[in-house]
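# Examination of the molecular architecture
One-letter residues, chain by chain:
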Amino acid sequence: MYQDDIELIKDNGVTDFYLLDFEVEKAKLVVNNFNIPIMLQFGFKESGFRFGVGAYGGVRINSYQTFREFDGGKERIKGDYNLRQFNYGLLAEAGKGDFRFFVKYDALPLFEDNNPINANAVSFGIRL
């Protein structure tokens, strides 16, 4: 989700943030990827503790921006927004039983190399 009322616009092969002409309740970019992980898992029977490390590779399936206005209206705009088609990275998890914490790091920046805004994505959470 974006913090401000902004949208991504692709112009001449470069994507940048632009302020919207109107206020919205929520604005976000959604990127759906299909990733295949390869992990080494280690566990201890006595304590039930497990951890794993590995890598993943994947492909972007689709991407779109969603804007929810204060009057309840919604708008969805599909586009590639100069996002990478293929990605790879590292992942790790640790926990006890079926309860595990995970972290995933994208080794490549989210956008293509010629983009002025760029960052590597980090995801973390709980796996049940």
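The structure we're discussing is the one just above.
Residues numbered from 1 in each chain as written. Predicted model: local features only at pLDDT ≥ 70, side-chain atom pairs only at ≥ 80, totals over all residues. Heavy atoms only, no water.

## Digging into the overall build of the protein
The helix and strand inventory of the protein stands at zero helices and eight strands. Walking the protein from its N terminus toward its C terminus, one meets helices and strands in the order β-β-β-β-β-β-β-β. Principal-axis analysis of the C-alpha atoms places the extent of the protein at approximately 60 × 35 × 20 Å. Every one of the 128 residues in the protein was classed for burial, and the buried ones make up 26%. (Helix = DSSP H or I, 4+ residues; strand = E, 2+ residues; numbered from the N terminus. Buried < 20%, exposed > 50% of the residue type's maximum accessible area, 1.4 Å probe, protein only.)

## As for the side chain of Asn87
Residue position: Asn87 is located in strand S6 (residues 86–96). Contacts of Asn87, omitting those with residues within four sequence positions, involve Asn33, Asn35, Tyr56, Gly57, Gly58, Val59, Asp106 and Leu108. (Contact = heavy atoms within 4.5 Å.)

## Remarks on the pattern of salt bridges
Applying the stated criterion across every chain, the model contains four salt bridges. For Arg84, the salt bridge goes to Glu112, with nearest N and O atoms at 3.6 Å. Taken as a pair, Arg84 in the loop between strand S5 (74–78) and S6 and Glu112 in the loop between strand S7 (99–106) and strand S8 (122–127) lie far apart in primary sequence, 28 residues in all. A residue is classified by how much of its surface remains accessible, and Arg84, at 15% relative accessible area, is buried. Arg100 is paired through a salt bridge with Glu93; the nearest N and O atoms lie 3.0 Å apart. The pair Arg100 / Glu93 is uniform in exposure class, with both members buried. Overlapping salt bridges, with partners in common, bring together Glu93, Arg100 and Arg127 in one network. (Salt bridge = Lys/Arg side-chain N within 4 Å of Asp/Glu carboxyl O.)

## Quick look at unusual backbone geometry
Although it is not a glycine, Tyr81 sits at a positive phi angle of roughly 50°. Looking at the secondary structure, you find Tyr81 in the loop between S5 and S6. Taking the relative accessible area as the measure of exposure, Tyr81 reaches 7% and is therefore buried. The phi torsion at Asn82 lies on the positive side, around 65°, for a residue other than glycine. When you line up the elements, Asn82 lands in the loop between S5 and S6.

## What to know about the pairing of S6
By the alternation rule, side chains of S6 split into Asn87, Gly89, Leu91, Glu93 and Gly95, which are all buried, and Phe86, Tyr88, Leu90, Ala92, Ala94 and Lys96, of which none is buried. With eleven bridges joining them, strand S4 (residues 49–68) and S6 adopt antiparallel strand pairing. Residue pairing in the sheet places Phe49 in a bridge with Lys96 of S6. Of the strand pairs in this sheet, S6 and S7 are connected by eight bridges, and their pairing is antiparallel. When the bridges of S7 are listed, Glu93 appears paired with Phe102. (Pairing = 2+ DSSP bridges.)

## Overview of the pairing of S5
With zero of its five residues buried, S5 lies for the most part at the surface. Relative to S5, S4 runs antiparallel, the two sharing five bridges. What sits directly across from Phe67, in S5, is Glu75. The turn linking S4 back onto S5 is made up of five residues, and Gly72 within it adopts a positive phi angle of 95°.

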